[in-house]
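Next come the chains, spelled out residue by residue.
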Amino acid sequence: MEIGVGFGKYGLLLREYLEIWGEGEVYEDWLRKIDGIEIFEAYIMDHHRVIYDEIYIGNALDIMPERDCYDLILLIDVLEHIEYKHAINLLNICKQKAKHVIISTPKDIGHQGVGYDNIYESHLSQWNKRSLRKALGRDTLFISNPHSHICLYSDSITVSRVKGRLSKEKLSFFIKRYFFPLYKLIKPKRN
């Protein structure tokens, strides 16, 4: 599940790496289910309907409680567009609905208001490593990046086992090597 699909670039990357470079043999005979949520319906174009199995229009806080569980939920450049208390609620829902949650949010949100006639483009909350750790829990993995906080929430058994064996440098390598090739996280939708 990708929350805040926007232009659809992460859904497209998921399709490319999971299907085209993955196990698929027939173009558009997708093996994995990729859904998306977009609050601003005007962003949805024809290419979104090819990339995503289902696109839900509306607020993720209203949609996610009704959805099934997912192997992975992406929240890429989403949290800063949500008031802090609502973002905390969304993160809690995501932790219940997914084995893994990948989050990226700018280190400095600056000032961003309405864009493309979309009131939801406004930046409403600034996140830092401490606030993300508080929201997600101790078993959250972080990757250094000059511009963004990137973190992975995963089940505590996996994260604790990895954290217990690896230094910070090796942990960063582990995330880049094993968690970002998303085909290792997402099971095919068919047997």
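What counts and how
- Residues numbered from 1 in each chain as written.
- Predicted model: local features only at pLDDT ≥ 70, side-chain atom pairs only at ≥ 80, totals over all residues.
- Heavy atoms only, no water.
- Buried < 20%, exposed > 50% of the residue type's maximum accessible area, 1.4 Å probe, protein only.
- Helix = DSSP H or I, 4+ residues; strand = E, 2+ residues; numbered from the N terminus.
- Arc of directions from axis to C-beta.
- Contact = heavy atoms within 4.5 Å.
- Polar contact = N/O pair within 3.5 Å; in protein donor to acceptor, adjacent residues only side chain to side chain.
- pLDDT = per-residue confidence, 0-100.
- Pairing = 2+ DSSP bridges.
- Right-handed = clockwise from strand over helix to strand, strands pointing away.

**Side note on helix H5 (residues 129-136)**
In step 1: Buried residues of H5: Ser131, Leu132, Ala135 and Leu136, and no others. Along H5, the residues classed as buried sweep out an arc of 120° about the axis, all on the same side. Facing away from the buried side of H5 by more than 90 degrees, the exposed set consists of Arg130 and Lys134.
In step 2: Along its buried surface, H5 packs onto helix H4 (84-97), strand E5 (98-106), strand E6 (140-143) and strand E7 (148-154).
In step 3: Of the residues flanking the start of H5, the one acting as N-cap is Asn128, its side-chain oxygen 3.0 Å from the backbone nitrogen of Arg130.
In step 4: Count one or two residues on from H5 and you reach Gly137, which has phi positive near 105°.

**Comments concerning the confidence of the model for the chain**
In step 1: Of all residues in the chain, 75% have pLDDT values of 70 or greater, and the mean over the chain is 80.
In step 2: For the stretch residues 181-187, pLDDT sits under 50, and the model shows 22 contacts to residues farther than four places along the chain or on other chains.

**As for the pairing of E5**
In step 1: Extensive coverage of E5 is indicated by the burial of 8 of its 9 residues.
In step 2: Bridging between strand E4 (residues 70-76) and E5 involves 6 bridges; their strand directions are parallel. Residue pairing across strands places Leu74 opposite Ile102, the latter belonging to E5.
In step 3: With respect to chirality, the unit in which E4 leads through H4 into the neighbouring parallel E5 is right-handed.
In step 4: Strand direction decides the pairing type here: E5 and E7, joined by 7 bridges, are antiparallel. Paired with Ser104 across the bridge in E7 is Ile150.

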